[in-house]
Amino acid sequence: MNIKFLGAHNCESQNSKFISLLIDDTLVIDAGGLTSSLSFQAQQKLKAILLTHQHYDHIRDVPAIAMNFYLRGTTINIYSTQSVYDALAAHFLNGKLYPKFLEQPQGNPTIKFTIIEPYKTEPVEGYSVLAVKVNHAVPTVGYQITSPDGKIVFYTGDTGPGLASCWQAVSPQLLITEVTATNKYEEFGKETGHLTPSLLKQELTSFQKVKGYLPRVVVVHMNPELEKEIETEIAVVARDLNNSITLASEGMQLYL
Ligand SMILES: [Zn+2]
Ligand SMILES: [Zn+2]
């Protein structure tokens, strides 16, 4: 399994992109920095997009990718929860902001949307996909992806602390999760459903208790303004837990 981090941050600039992960050139999780990271040719290789939740930094490029597929006369599969479908249909692809690609062209809409039920394994383009609820300001699911050759990654999406029940449901070799801010923002993290390095440490300690091991960890969704400090605090957590925890960056690739 090849995982490419197209976007790894919670804010966009010339040097940072919204969240988007590309697996084996065909499967995408979250569409924050998607179209701006891929050539048209690479976009046409995509088979499915999984969305964790409806926040703008995770769905921003859905209309853009839909337009590109529409103009080529092709379709794209998108998987997510009912609440993400509803948000896209009401506020984004509503015929006012952009065409209703969830319904049009009639009879063969550009976006083939499949509602995912949490805790029910779904086959997606040869992969096995399990959606698991996490703790965020709006309904959010993380995705565990198992490749045909048995490689397993779990990406939490945006989440705050309290993931013990989530850990029960997954067994990843690689955990991709979020750390949005530094330790001094712990209260903000708890209120808005985000992690800091110290909150991540608690969650990883809980993971180890529940599962009996710790996977390699890669963090995303950093606030670029706080990234240097986050990196320093994460290094402390990695040392304390004696585990690999690294920050993702745009264009970074991992092989499982
Ligand atoms: Zn969010
Ligand atoms: Zn976000």
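Report on the accompanying structure. Residue numbers restart at each chain and count upward from 1, following the sequence in its written direction. Chains carry letters from A onward and ligands carry numbers from 1 onward, assigned in written order. Two thresholds apply to this predicted model, a pLDDT of at least 70 for residue-level local features and 80 or more for giving and counting side-chain atom pairs, whereas whole-chain, interface and lining totals are computed over all residues. The side-chain values count all of the structure's non-hydrogen atoms but skip hydrogen atoms and water molecules.

### Quick notes on the coordination of the zinc ion (ligand 2)
Reference values for angles at a metal are 109.5 degrees in the four-donor tetrahedral case and 90 or 180 degrees in the six-donor octahedral case.
And then number 1: Ligating atoms shown are N, O and S within 2.8 Å of the metal, or 3.2 Å for Na, K and Ca, and water is not included, meaning a site may look less than complete. Around the zinc ion (ligand 2), the protein supplies D57 (OD), H58 (NE2), D158 (OD) and H221 (NE2) as donor atoms, at distances of 2.1 to 2.2 Å.
And then number 2: The rule is simple: four donors are tetrahedral if all their angles sit between 85 and 135 degrees, four are square planar and six octahedral if opposite donors span more than 155 degrees and the others lie between 65 and 115, and anything that fits none of that is irregular. For the zinc ion (ligand 2), the four donor atoms in the first shell make angles of 88 to 174 degrees at the metal, so the coordination geometry reads as irregular.
And then number 3: Taken in sequence order, the residues that donate to the zinc ion (ligand 2) follow the motif D-H-x99-D-x62-H.
And then number 4: Between the zinc ion (ligand 2) and the zinc ion (ligand 1), a separation of 3.5 Å is found, and both are coordinated by D158.
And then number 5: Think of it in three bands: residues with accessible area under 20% of the maximum for their type are buried, residues over 50% are exposed, and the middle band is partly exposed, with areas taken using a 1.4 Å probe on protein chains only. We classify D57 as buried; its relative accessible area is 12%.

### Describing the environment of Q253
And then number 1: Only DSSP runs of H or I covering at least 4 residues are called helices, and only runs of E covering at least 2 are called strands; the numbering of each starts at the N terminus. Looking at the secondary structure, you find Q253 in strand β14 (residues 253–255).
And then number 2: Through-space distance from the C-alpha of Q253 to that of N2 is 6.9 Å; in sequence the pair is 251 residues apart.
And then number 3: We call two residues contacting when some pair of their heavy atoms lies within 4.5 Å. The contacts of Q253, once residues within four sequence positions are left out, are N2, I3 and K4.

### Remarks on the sheet that holds β14
And then number 1: When DSSP locates at least two bridges between a pair of strands, those strands are taken to pair. The seven strands lie next to each other as β6-β5-β4-β3-β2-β1-β14, forming an open sheet whose pairing is mixed. Edge positions in the sheet fall to β6 (111–115) and β14, since each of these pairs with one other strand and no more. Geometrically, the sheet is characterised by an average inter-axis angle of 20 degrees between neighbouring strands, direction not taken into account.
And then number 2: Note: strand β5 (residues 76–80) against β6, five bridges, orientation parallel. In the sheet register, N77 faces β6, and the bridge partner there is K112.
And then number 3: Note on definitions: angles span 0 to 180 degrees between N-to-C directions of axes, and those axes are lines fitted to C-alpha atoms, for helices only across the stretch in contact. Of the strands in this sheet, β5 and β6 are in contact with helix α4 (residues 82–92), which crosses β6 at around 145 degrees.

### Things to note about the pattern of salt bridges
And then number 1: Here a salt bridge means any side-chain nitrogen of Lys or Arg lying within 4 Å of a carboxyl oxygen belonging to Asp or Glu. One pass over the structure, following the stated rule, counts five salt bridges.
And then number 2: Ionic pairing is found between R60 and D61, a salt bridge with its closest N-O pair at 2.5 Å. Each of the two residues, R60 as well as D61, counts as buried.
And then number 3: Of the charged contacts, one joins D240 and K201 as a salt bridge, the two residues approaching to 3.1 Å between their closest N and O atoms.

### Concerning the coordination of the zinc ion (ligand 1)
And then number 1: Note on the zinc ion (ligand 1): its protein donors are H53 (NE2), H55 (ND1), H136 (NE2) and D158 (OD). The metal-donor distances range over 2.1 to 2.4 Å.
And then number 2: One can describe the donor arrangement at the zinc ion (ligand 1) as irregular, given that its four donor atoms subtend angles of 92 to 165 degrees at the metal.
And then number 3: All donor residues of the zinc ion (ligand 1) come from one chain, and their arrangement in sequence is H-x1-H-x80-H-x21-D.

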